[in-house]
Amino acid sequence: MRVPILNKQRQAGFTLIEIVVVVGLLAIVTALAWTAISQAGRNRVKLEARFEQLQEIQIAMQVITRDLAQIQPRPVRDLVGQGQLAAVMTAESEGGIEMTVGGYSNTLNLKRSQQQRVAYQIEDDTLYRSHWLVLDRTQGSVPVRRELIEGILSMNVRFMTRQLEWTESWPLSRDGAGLQDLPVAIEVTLESETMGIVRRIIEVAS
């Protein structure tokens, strides 16, 4: 009597080598996915920082434009009271500007001028706007400073003369003449760490 031979079916499963390969592939895919997610996160942070500084620059330019558009031909007394400073002048700090502007609101009807002395300057990569509570200030007059924007590498100001020529210095005369003279327009250029060069030309009301 013949004994039937039983067919032994191969049991399904993974070998050790197959498991190692799968684990290795999963590790690679996970590393790639994590790298992509991390890069996306860094890009988002950079975009948010750029967008935030863009908004700050826009606000700063609006403030500067408002002041420049309201420049008044009103010289002020110098700090020692022996002379006058021009209505518009290149500030002592590099790239800065100082000027007399109008539109100084007086809602409380105080006994003061509606004009204001304003200056812009960069200090430690930060752009500041300063104004004084009086026009003809003394050495004891303390300015009110407002921080406009950080991360500004430089500020450059140019002035357009009546002959439609650009100059980087104002007033044109250094002998005390023309203290009331105003430029036709003023060009302001800011160099930002993240946004690069931002330039604006503002017409000065005559």
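The structure contained in this document is the topic of the report that follows. Please read all numbers here as calculations on a predicted model, not as lab measurements. (Residues numbered from 1 in each chain as written. Predicted model: local features only at pLDDT ≥ 70, side-chain atom pairs only at ≥ 80, totals over all residues. Heavy atoms only, no water.)

So, the sheet that holds strand E8 (residues 152–160)
Either a parallel or an antiparallel arrangement is found when strands of a sheet pair, and the pairing is made through backbone hydrogen bonds.
Now for step 1: Pairing in this open sheet of four strands is antiparallel, and the strands run E9-E8-E10-E11 from one edge to the other. Two strands bound the open sheet, and with one partner strand each, they are strand E9 (166–167) and strand E11 (196–203).
Now for step 2: Summarising the sheet, E8 and strand E10 (residues 185–192) pair through eight bridges and their orientation is antiparallel. Bridge assignment links Ile-152 to a residue of E10, and that residue is Ser-192. (Pairing = 2+ DSSP bridges. Helix = DSSP H or I, 4+ residues; strand = E, 2+ residues; numbered from the N terminus.)

A short note on the layout of surface pockets
Now for step 1: Of the volumes computed, that of the largest pocket is approximately 380 Å³.
Now for step 2: For the largest pocket, the lining is made up of 16 residues, of which Leu-79, Glu-92, Glu-98, Trp-132 and Arg-137 are closest to its centre.
Now for step 3: Class assignment for the residues of the lining of the largest pocket results in seven nonpolar, five polar and four charged. (1 Å grid on protein atoms, 1.4 Å probe; cavity = no way out; pocket = protein on both sides within 12 Å on 5 of 7 lines; lining within 4 Å. Points joined across faces, edges and corners; volume = space filled by probe spheres on them. Nonpolar A, V, L, I, M, F, W, Y, C, P; charged D, E, K, R; others polar.)

Section: the packing of aromatic side chains
Now for step 1: As enumerated under the stated definition, the model contains one aromatic pair in all.
Now for step 2: Aromatic pair Phe-159 and Trp-170: ring centres 5.7 Å apart, planes at 35°, arrangement tilted. Note that Phe-159 is positioned in strand E8 and Trp-170 in the loop between E9 and E10, a separation of eleven residues in sequence.
Now for step 3: Residue classification places Trp-170 among the buried positions, given a relative accessible area of 3%.
Now for step 4: Here the guanidinium or amino end of Arg-137 rests over the ring plane of Trp-132, the centre of that ring lying 3.9 Å away.
Now for step 5: Stacked on the ring of Tyr-128, the Lys or Arg Arg-145 has its end atom at 4.0 Å from the ring centre. (Phe/Tyr/Trp six-rings, centres within 6.5 Å; stacked < 30°, edge-to-face > 60°. Buried < 20%, exposed > 50% of the residue type's maximum accessible area, 1.4 Å probe, protein only. Lys NZ or Arg CZ within 6 Å of the ring centre and 35° of its normal.)

Some details on the sheet that holds strand E3 (residues 88–90)
Now for step 1: The sheet built from five strands is open, its strands ordered E3-E4-E5-E6-E7 with antiparallel pairing. The sheet is open, and its two edges are formed by E3 and strand E7 (144–150), each paired on a single side. On average, each strand axis in the sheet is inclined to that of its neighbour by 20°, with strand direction left out of account.
Now for step 2: Inspection of the sheet shows E3 paired to strand E4 (residues 97–101) by three bridges, in the antiparallel sense. Paired with Met-89 across the two strands is Glu-98, which belongs to E4. (Axes fitted to C-alpha atoms, helices over the stretch in contact; angles between N-to-C directions.)

Thoughts on the nonpolar core
Now for step 1: Of all hydrophobic cores here, the largest spans 28 residues; its most connected members are Leu-68, Ile-71, Ile-97, Met-99, Tyr-120, Ile-186 and Val-188.
Now for step 2: Broken down by secondary-structure element, the contributors of at least two residues to this core are helix H1 (16–68), E4, strand E5 (116–123), E7, E8 and E10.
Now for step 3: Tallying contributions element by element places H1 first for this core, with six residues.
Now for step 4: Beyond its immediate stretch of four places on either side in the chain, Ile-71 contacts Val-88, Met-99, Thr-100, Val-101, Leu-182, Ile-186, Val-204 and Ala-205.
Now for step 5: Of all hydrophobic cores here, the second largest spans six residues; its members include Leu-85, Ala-86, Met-89 and Leu-135. (Core = buried A, V, L, I, M, F, W, Y, C linked by side-chain atoms within 4.5 Å. Contact = heavy atoms within 4.5 Å.)

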